[in-house]
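This is what each chain is made of:
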Amino acid sequence: MTTGFGRDLVAALAAQPRSISPKYFYDAEGSRLFDRICELPEYYPTRTELGILQRHAGEMGALAGPGCEIVEFGAGSLRKVRLLLQAFEAPARYVPIDISGEYLRDAAAVLRREFAGLDVQPLVADYTQAVALPPAGKGRRIGFFPGSTLGNFTPEEALAFLQGAARLLQGGALILGADLVKDPNVLHAAYNDGAGVTAAFNLNLLARANRELGANFQLANYAHYAFYNAPLARIEMHLVAREKQVVAVGGERFAIAEGEALHTENSYKFTIAGLRDLASRAGFRPGPAWTDPERLFSVHWLHAP
Ligand code: AVI
């Protein structure tokens, strides 16, 4: 129970309303389920962002200039950063930052093999906290934060993250992926896929608690419930009890009534203007914003003066 997950889950169950950080989705099983989500026909963000990067990586490379350093925040998909590394002129260094050392080791080995001469320096750290980067080289320092992971932060956390990134990338820029507001039915379908993978991803939080913390959640008792909250421009994911249950976690017992919910994730959606305004407030000077023909997703170049 000394783990952050155990502590935070007990605190979540003791509070009303109940809510927990979405970062606890990502154990090995949760990461595997998330990779499957990215391939779903309803989940448009991954393929749409890849398309935008494919079409505009050359322009991004021209803005980055020769010999730049790419700093990626989080366990990103190698497919995405590869598009930048291929299009940029002689990138000198790639610094992926992630809490999972195992993921970083594997990613670094793959990229070192693929890009001879690229200095790959993985950094095991929590990128939502202040991180110390190796001293900058001659080229610009370009941050990369794809996938609209920014949308999983609270608005306060998003501002704080961007403020930290603007300081870290001073003299360079941030390439930021942000999912856009759109027809709520399209958003609803993306988080309620027909194959039930998003439901399994959400329920894995309770399965993880059973595995790691010896909890006794009856998974069949909980419904995956995801909807678009239009006034707050966010998808909300919840786990709703179908029946009452007394749950034991780490020696404590919690009575969960029928219909009670555990709020597991927010996924904020942005307008291009709103995102540029947020970035400006964090200290960036917004440059080009690229989108797809259906305006589903956006990728932003944000100068860090
Ligand atoms: C990682 N993150 C940007 C995803 C999202 O869309 O908010 C996580 C996710 N949750 C359900 N499906 C995907």
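Reading the values: rules and limits
- Residues numbered from 1 in each chain as written.
- Predicted model: local features only at pLDDT ≥ 70, side-chain atom pairs only at ≥ 80, totals over all residues.
- Heavy atoms only, no water.
- Axes fitted to C-alpha atoms, helices over the stretch in contact; angles between N-to-C directions.
- Helix = DSSP H or I, 4+ residues; strand = E, 2+ residues; numbered from the N terminus.
- Parallel < 35°, antiparallel > 145°, perpendicular 65-115°, else oblique.
- Contact = heavy atoms within 4.5 Å.
- Nonpolar A, V, L, I, M, F, W, Y, C, P; charged D, E, K, R; others polar.
- Polar contact = N/O pair within 3.5 Å; in protein donor to acceptor, adjacent residues only side chain to side chain.
- Pairing = 2+ DSSP bridges.

Here we look at the packing of helix α2 (residues 28-38) against helix α8 (residues 197-213)
Phase 1 of the analysis: The N-to-C vectors of α2 and α8 enclose an angle of 180°; their axes lie 9 Å apart at closest approach. The pairing of α2 with α8 is recorded here as roughly antiparallel in orientation. Each of E29, G30, L33, F34, R36 and I37 in α2 lies in contact with α8, whose residues at this interface are V197, T198, A200, F201, N204 and R211.
Phase 2 of the analysis: Its residues assigned to classes, the contact of α2 with α8 comprises 6 nonpolar, 3 polar and 3 charged.

Points about the side chain of N266
Phase 1 of the analysis: For N266, the location among the structural elements is in strand β12 (residues 261-268).
Phase 2 of the analysis: Polar side-chain contacts of N266 include one of 3.2 Å to the side chain of R234.
Phase 3 of the analysis: A polar atom in the side chain of N266 sits 2.8 Å from the side chain of H263.
Phase 4 of the analysis: Leave out the neighbours within four places in its chain, and N266 touches G151, N152, R234, I235 and E236.

Digging into the sheet that holds β12
Phase 1 of the analysis: The 4 strands lie next to each other as β1-β12-β9-β8, forming an open sheet whose pairing is mixed. Since the sheet does not close on itself, it has two edges, and those belong to β1 (18-19) and β8 (222-229), each with one partner.
Phase 2 of the analysis: Inspection of the sheet shows β1 paired to β12 by 2 bridges, in the parallel sense. Each bridged residue has a counterpart across the sheet, and for R18 the counterpart in β12 is L262.

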